[in-house]
Amino acid sequence: MASLASMRNLLLNAFHADAHAQWADGLVSHSRHEIELVTLPGKHWKWRMHGAAVDFAGRLSPKLADTFSAVLTTDMVDLATLRGLRPDLARLPCICFFHENQLTYPWSPEDYDVQRDFDRRYGWINYTSALAADEVWFASQYHYEVWQEALPEFLAVFPKGRQLTLPSSSKYRVLPLPLELAELVRAQRPGDSGPPTILYNHRWEHDKGPAEFFSIIDQLAAEGLAFRLIVLGRSYSRTPEVFERAREQHTERILHWGYAESRESYEQWLLRSDIALVTSCHDFFGVAVVESLAAGAIPVLPKGLGNEQRSAPYAEHLCPSHWQAAQYSDRAACLVKMRALLSAKGVSVSGDPERDARRRLVFEKYGASGVVGRYDAALDQLVSAYSSRLNS
């Protein structure tokens, strides 16, 4: 194991796409330590949770402990299996970063595994990975809390499940995602005399609430309010039907529709957006929300997700007064807020006085160059403690 001053760490990213890739690439680019990144393509997530550990175990050098100081994985890797296949990993501290967890992720009722009652296997992999890890890191306090609350009830469905060991709370840590926001925050927003532009920049999947989003859009249009639409985000083979219906119904309002093929293009569309309307029923962090804030869009955000009483993770992205101004409790409250923003008597979208403050805050919280320093400090602490235990 190398000294802290010359640490070389291994990062195994089994789903290298979107936020998972942003996280890994941010660490590699900004860490003061050398990080060797080994990836698998960002597709077939269920197979990644089952098979990535076997894939990585066969690909890695037989001299891991002599080469690296620590190993970082994600919730897409079955860390218990990986450590079982590679006993030499006992000489290195292993960290599991939870982008998601399958205990509280809202599965689609149409999913084959849900219909066959097979969906619990993925939550079990998360559980055993947390047991096998030396530390488990979460991107938000919200995610840490929902995991802690859900795990005992999840285990209770198994025979004598309440007697199963829970991961020690001492191994948990909250470290936000390191995001490349510098250019976006510095960029000038283009001047535009047209009606306000409403943004959707999430995955085209049911948990991001597209049906509710376009239902609100339909209502605002029916009331004769003037606005335009920018719809971004990645689509998949089973895209909710509401997207095609909305595209046909609101053709004349649409400035852009679909996935932006480059980061530059994506950021340009963000900068042209005035209002970030979010209707998600689920999020563990909310990268899309942070990016819209960094671009200067006015946030309209759900107070809670689904039926939860706790605040949504978006509360962590804003100061208390801005969170209070941005949140809505239900559909009716959302429509009131949207009408005010779109009407001539409402808040001036083009002259929003709080915009710059929100942009600065998210950069201070999540800008990669600053956040990765916290990762380095956490790694230093863990490697030092692990080395002391091995040598004692």
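Calculation notes
Residues numbered from 1 in each chain as written. Predicted model: local features only at pLDDT ≥ 70, side-chain atom pairs only at ≥ 80, totals over all residues. Heavy atoms only, no water. Helix = DSSP H or I, 4+ residues; strand = E, 2+ residues; numbered from the N terminus. Rg over C-alpha atoms; globule rule 2.2 N^0.38 Å. Areas by Shrake-Rupley, 256 points an atom, 1.4 Å probe, with all protein chains shown as cover. Lys, Arg positive; Asp, Glu negative; His and termini not counted. Charge placed at Lys NZ, Arg CZ, Asp CG, Glu CD. Phe/Tyr/Trp six-rings, centres within 6.5 Å; stacked < 30°, edge-to-face > 60°. Buried < 20%, exposed > 50% of the residue type's maximum accessible area, 1.4 Å probe, protein only. Pairing = 2+ DSSP bridges. Right-handed = clockwise from strand over helix to strand, strands pointing away. Axes fitted to C-alpha atoms, helices over the stretch in contact; angles between N-to-C directions. Contact = heavy atoms within 4.5 Å. Core = buried A, V, L, I, M, F, W, Y, C linked by side-chain atoms within 4.5 Å. Polar contact = N/O pair within 3.5 Å; in protein donor to acceptor, adjacent residues only side chain to side chain. Expected span 1.5 Å × (residues − 1). Arc of directions from axis to C-beta.

Asker: So what's going on with the overall build of the protein chain? Which residues, and what values?
Answerer: When its secondary structure is counted, the protein chain shows 16 helices and 12 strands. Here the protein chain has a C-alpha radius of gyration of 22 Å; the compact-globule value for 392 residues is 21 Å, and the two agree. Seen along its three principal axes, the alpha-carbon backbone of the protein chain occupies a region of about 70 × 50 × 35 Å. As displayed, the protein chain offers around 17400 Å² of accessible surface, 50% of which is attributable to carbon and sulfur atoms. Taken together, the 42 basic and 47 acidic charged side chains of the protein chain have centroids lying 2 Å from each other.

Asker: Would you mind going over the packing of aromatic side chains in detail, with residue names and values included?
Answerer: Scanning the entire structure with this criterion turns up 23 aromatic pairs. Judged by centre distance (5.1 Å) and plane angle (70°), the ring pair of Tyr-200 and Phe-213 falls under edge-to-face. Linking Tyr-200 in strand β7 (residues 197-201) with Phe-213 in helix α9 (residues 210-222), this pair joins segments that are 13 residues apart in sequence. In this structure Tyr-200 comes out as buried when scored by relative accessible area, which is 0%. Relative accessible area serves as the criterion here: at 0%, Phe-213 is assigned to the buried category.

Asker: Lay out the pairing of strand β5 (residues 135-138) in plain terms, naming residues and giving numbers.
Answerer: By the alternation rule, side chains of β5 split into Glu-135 and Trp-137 and Val-136 and Phe-138, which are all buried. In this structure, strand β4 (residues 94-98) lies alongside β5, joined through four bridges in parallel fashion. Bridge pairing in β5 places Phe-97 opposite Trp-137. With three bridges joining them, β5 and strand β6 (residues 172-174) adopt parallel strand pairing. Pairing of Phe-138 across the sheet is with Val-174, part of β6. Of the crossover connections in this fold, the one passing from β5 over helix α7 (residues 141-156) to the parallel β6 is right-handed.

Asker: Please provide a residue-by-residue account of the sheet that holds strand β2 (residues 34-41), values included.
Answerer: The six strands are arranged β2-β1-β3-β4-β5-β6 in an open sheet whose pairing can be described as parallel. With one partner strand each, in any of the chains shown, β2 and β6 form the two edges of the open sheet. The average undirected angle you get between the axes of adjacent strands in this sheet is 20°. In the packing of helix α2 (residues 45-59) onto the sheet, the strands contacted are β1 (8-16) and β2, and the crossing angle to β2 comes to about 130°. Along the sheet, α7 contacts β4, β5 and β6; its crossing angle with β6, the most-contacted strand, is approximately 150°.

Asker: Which residues make up the nonpolar core, and what are the values?
Answerer: Counting 56 residues, the largest nonpolar core has Trp-23 and Trp-137 as its most contacted members. Per element, the largest residue contribution to this core is seven residues, and it comes from helix α16 (residues 368-391). The contact partners of Trp-23, leaving out residues within four places of it in the chain, are Leu-11, Leu-72, Thr-73, Thr-74, Phe-97, His-99, Leu-177, Pro-178 and Tyr-375. The next biggest cluster of nonpolar side chains, apart from the first, holds 42 residues, and it includes Leu-12, Leu-103, Tyr-127 and Phe-138.

Asker: Explain the environment of Asp-192 to me, and be specific about the residues and the numbers.
Answerer: Following the sequence through the fold, Asp-192 ends up in the loop between α8 (182-186) and β7. Overall, Asp-192 belongs to the partly exposed group, its relative accessible area being 42%. Separated by 178 residues in the primary sequence, Asp-192 and Ala-14 have C-alpha atoms spaced 42 Å apart. Ignoring sequence-local partners within four residues, the contact set of Asp-192 consists of Arg-228 and Arg-272.

Asker: Describe the sheet that holds strand β9 (residues 254-257), and please don't skip the residues or the numbers.
Answerer: The strand order β9-β8-β7-β10-β11-β12 describes an open sheet built from six strands, whose pairing is parallel. Edge positions in the open sheet fall to β9 and β12 (327-328), since each of these has one partner strand only. The pairing of strand β8 (residues 228-232) with β9 spans three bridges and is parallel. Bridge assignment links Ile-230 to a residue of β9, and that residue is His-256.

Asker: Can you explain the side chain of His-256? Please cite residues and give values.
Answerer: Structurally, the position occupied by His-256 is in strand β9. Polar side-chain contacts of His-256 include one of 3.4 Å to the side chain of Trp-269. Leave out the neighbours within four places in its chain, and His-256 touches Leu-229, Ile-230, Val-231, Leu-232 and Trp-269.

Asker: Just give me the short version of the environment of Gln-327, but keep the residues and values in it.
Answerer: Looking at the element boundaries, Gln-327 is found in strand β12. Beyond its immediate stretch of four places on either side in the chain, Gln-327 contacts Leu-301, Lys-303 and Lys-337.

Asker: Pulling in residues and values, what's your account of helix α14 (residues 331-342)?
Answerer: With 12 residues, α14 should reach 16 Å at 1.5 Å per residue; the first-to-last C-alpha distance of 16 Å fits that figure. Taken as a whole, α14 has its buried residues at Cys-334, Leu-335, Met-338, Leu-341 and Leu-342. Buried positions in α14, seen along its axis, are confined to an arc of 125° and lie on one side of it. Opposite the buried face of α14, by more than 90 degrees, sit the exposed residues Ala-332 and Val-336. Elements that come into contact with the buried residues of α14 comprise β7, α9, β10 (275-277), β11 (298-302) and β12.

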